[in-house]
Amino acid sequence: MADFDFNVVWSSLPFLWEGLQLSLWLTFLSIIGGIVLGTLLALARLSGIAPLALLAATYVNLLRSVPLILVIFWFFFLVPLVIGRPIGSFYSALIAFVMFEAAYYSEIMRAGIQSVRKGQVHAGQSTGLGYWQIQRYIVLPQAFRNMIPILVTQGIILFQDTSLVFVVSLRDFMTASSIVARTEGRLVEMYLFAAVVYFIICFSGSMLVRSLKNRMAT
Amino acid sequence: MDYNWNWSVLLEEQYLDWLISGFGWTIAVALSAWCIAIVIGALVGVGRTVPNRLISTLCTAYVELFRNIPLLVQMFIWYFAVPEMVPEDMGRWMKRDMPNPEFVTAVVALGLYTASRIAEQVRAGIETVPPGLSAAGKAHGLSLSQIYRYILLPISFRLIVPPLTSEFLTVFKNSSLALTIGLLELTAQSQQIAEYTFQGFEAFTAATVIYVCIALLATVIMILLEKYTRIPGYVGKEG
């Protein structure tokens, strides 16, 4: 271990911090987008309208059977083609993550919606609420609440997944670490440092999940 | 949208070869990693449940460590950092003489990572077995290892087959990360075809269809396995 020089971490901190901010920002926006789209997909699957449910189920199962890297490649290829001009790799990556994670969030939300007892829906119907009112005021708030720990866990997985933007050279924390590693010739130090940073963030996240679970159980 | 369709590009000999070879590497990495993951995952998962503080702490540490670091970072550490950190002779061997370094590294990284996820399933499976069963074993005078051997493991391994199905699918998907250390598996090959021919749509569709077929096939296998291993009349906690 004698010839390892961890000063390289210190001197490149501002650069790495910029990367980490991009990772966190991408994670945050993808969680929001993924939950919104995922909830819509879950509602479509449970809507009882056969073609809609089939379409949503096909989407979810298709996205869940291909690797995220392939999805990233797909959207980096498709998005500029559909929009007609390049929109920058951050937004292409964001679209890819929202579309991909929505498939996973929709499964969580589907379980969440099904965990709300039928009587609640019937109570809403008998007081004269419409479908959207029942979803908005009765079902979804409870579904979210029941699923908070799993939603956070999925958020941690999503944060780890954002490291894969490395394959399209978007400068997140992972790509930034790798750039420093290569230019400074300090591969060992930089990748170990990246591992420590990811570990601290994700481990804190799973501690949070544990305490949320305990609080909800009581 | 302005795009020139040309599906026949997939059948040109060179590109078809690339797809087939990519498919082969994907299967090879995934299945080899799965073997490592099952063995180590079972050991670590059992280790977390044994009444021995040292062993269970070590096994918990293993799971937390491998689960909370992105697979990509782990892949890079195994590929770039580990050869520098081991004794010099071994490092030189890993860098120069080890056959198929990308493949071996990808299998080790993916295998150990997946093991941490399987360990969680194994632990959950063991904890789902009603405590009365192992108490009954104890009352019969069985030793701890006999209780594991004859009561806990046979039941819990059959209980965790359904959750293992999704892990089995995940290992195929995660094998795509091998491309980051230069292994030309399926995803990498499709990207390469897209770059060479500018037929991204066709290339990525081919890869997608192959992944979906793998997922369908793996699901069918696991459903058959589930039928075969289900414990008749047994209702676990999750019932």
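Residues numbered from 1 in each chain as written. Chains lettered and ligands numbered in written order. Predicted model: local features only at pLDDT ≥ 70, side-chain atom pairs only at ≥ 80, totals over all residues. Heavy atoms only, no water.

Trainee: Would you mind going over the overall build of chain B with me for this structure?
Mentor: Per the secondary structure count, chain B includes 10 helices and 0 strands. Start at the N end of chain B and walk to the C end: the helices and strands fall as α-α-α-α-α-α-α-α-α-α. Overall size of chain B, expressed as C-alpha extent along the three principal axes, is 75 × 50 × 30 Å. When each of the 239 residues of chain B is scored for burial, the buried share is 49%. Taken as two groups, the 15 positive and 18 negative side-chain charges of chain B have centres that lie 19 Å from each other. (Helix = DSSP H or I, 4+ residues; strand = E, 2+ residues; numbered from the N terminus. Buried < 20%, exposed > 50% of the residue type's maximum accessible area, 1.4 Å probe, protein only. Lys, Arg positive; Asp, Glu negative; His and termini not counted. Charge placed at Lys NZ, Arg CZ, Asp CG, Glu CD.)

Trainee: Please explain the nonpolar core as it appears in this structure.
Mentor: When a protein is soluble and globular, its nonpolar side chains tend to lie buried together. Core analysis: the largest hydrophobic core is formed by 143 residues, its most contacted members being Trp74(A), Met174(A), Val73(B) and Phe76(B). Among residues more than four places away in sequence, those in contact with Trp74(A) are Phe201(B), Phe204(B), Thr205(B) and Thr208(B). (Core = buried A, V, L, I, M, F, W, Y, C linked by side-chain atoms within 4.5 Å. Contact = heavy atoms within 4.5 Å.)

Trainee: It is not clear to me how the pattern of salt bridges should be interpreted in this structure. Could you clarify?
Mentor: When the charged atoms of two side chains lie near each other, side chains of opposite charge can form a pair. Enumeration over the complete set of coordinates arrives at 13 salt bridges over all chains. Taking the shortest distance from any N to any O, the salt bridge between Arg110(A) and Glu107(A) comes out at 3.3 Å. Taken together, the residues Arg110(A) and Glu107(A), both in helix α5 (residues 89–114) and 3 residues apart, mark about one turn of the helix. For Arg92(B), the salt bridge identified is with Asp89(B), shortest N-O distance 3.6 Å. Of this pair, Arg92(B) and Asp89(B) both sit in helix α4 (residues 88–97), 3 residues apart, which is roughly one turn of that helix. Residues joined by salt bridges that share partners form a network here, namely Arg210(A), Arg48(B), Glu64(B), Arg67(B), Glu120(B), Arg123(B) and Glu127(B). (Salt bridge = Lys/Arg side-chain N within 4 Å of Asp/Glu carboxyl O.)

Trainee: Help me out: how do you make sense of the packing of helix α5 (residues 101–128) of chain B against helix α8 (residues 161–174) of chain B in this one?
Mentor: All names here are of chain B. Viewed as axis vectors pointing N to C, α5 and α8 meet at an angle of 165°, and their least axial separation amounts to 11 Å. Relative to α8, the element α5 lies roughly antiparallel. In the crossing of α5 with α8, the sense of the turn from one axis to the other is right-handed. Counted together, Leu110, Tyr113, Thr114, Arg117, Ile118 and Gln121 of α5 and Pro163, Leu164, Glu167, Thr170, Val171 and Asn174 of α8 form the full contact between these two elements. (Axes fitted to C-alpha atoms, helices over the stretch in contact; angles between N-to-C directions. Parallel < 35°, antiparallel > 145°, perpendicular 65-115°, else oblique. Left-handed = near helix turned anticlockwise from the far one by under 90°.)

Trainee: Even after reading the chapter, I still don't get helix α3 (residues 71–85) of chain B, so can you show me in this structure?
Mentor: Think of an α-helix as turning once every 3.6 residues; residues three or four places apart then point the same way. Residue Trp78(B) marks the point of greatest curvature in α3(B), where the axis turns by about 40°. Those residues of α3(B) that fall on the buried side of the exposure criterion are Leu71(B), Leu72(B), Val73(B), Gln74(B), Met75(B), Phe76(B), Ile77(B), Phe80(B), Ala81(B), Val82(B) and Pro83(B). (Bend = angle between axes of the 7 residues up to and from the residue.)

Trainee: What is the right way to read the layout of surface pockets from this model?
Mentor: Taking a probe equal in size to a water molecule and rolling it over the atoms shows the remaining empty space. Reported here for the second largest pocket is a volume of approximately 590 Å³. Along its surface, the second largest pocket is lined by 28 residues, and Phe80(B), Val82(B), Pro83(B), Glu84(B) and Lys95(B) are the ones closest to its centre. At the level of secondary structure, the elements contributing two or more residues to the lining of the second largest pocket comprise α9 (187–217) of chain A together with α3, α4 and α5 of chain B. At 7 residues, α3(B) tops the list of elements feeding residues into the lining of the second largest pocket. Looking at the lining of the second largest pocket residue by residue, the class counts come to 18 nonpolar, 3 polar and 7 charged. (1 Å grid on protein atoms, 1.4 Å probe; cavity = no way out; pocket = protein on both sides within 12 Å on 5 of 7 lines; lining within 4 Å. Points joined across faces, edges and corners; volume = space filled by probe spheres on them. Nonpolar A, V, L, I, M, F, W, Y, C, P; charged D, E, K, R; others polar.)

Trainee: Which parts of the structure should I look at to understand the side chain of Gln199(B)?
Mentor: All names here are of chain B. Position of Gln199 relative to the elements: it lies in the loop between α9 (186–197) and α10 (200–229). Classification of Gln199 by relative accessible area gives buried; the value is 10%. Not counting residues within four places of it along the chain, the set of residues in contact with Gln199 comprises Tyr3, Asn4, Trp5, Asn6, Val9 and Ala194.

Trainee: Sorry, what's going on with the environment of Ser204(A) here?
Mentor: Residues and elements named next belong to chain A. Turning to its location among the elements, Ser204 is positioned in helix α9. Put simply, Ser204 and Ile156 are 48 residues apart on the chain and 9.7 Å apart in space, counted from C-alpha to C-alpha. Engagement of the side chain of Ser204 in a polar contact is seen with the backbone oxygen of Ile200, the distance being 2.5 Å. (Polar contact = N/O pair within 3.5 Å; in protein donor to acceptor, adjacent residues only side chain to side chain.)

Trainee: Explain empty space enclosed by the protein here, please?
Mentor: Residue and element names in this part refer to chain B. Within the structure shown, the criterion is met by 1 cavity of 30 Å³ or more. Quantified by volume, the largest cavity comes out at close to 50 Å³. Counting residues per element, the ones that place at least two in the lining of the largest cavity are α8 and α10. In terms of residue class, the lining of the largest cavity is built from 5 nonpolar, 1 polar and 2 charged.

Trainee: Sorry if this is basic, but what is going on with the side chain of Thr187(B) here?
Mentor: Within the fold, Thr187(B) resides in helix α9. Among the polar contacts listed, one links the side chain of Thr187(B) to the side chain of Tyr211(B), at a separation of 2.8 Å. Setting aside anything within four residues of it in sequence, one finds Thr187(B) in contact with Pro67(A), Ile69(A), Leu70(A), Phe73(A), Ser176(B), Leu179(B) and Tyr211(B).

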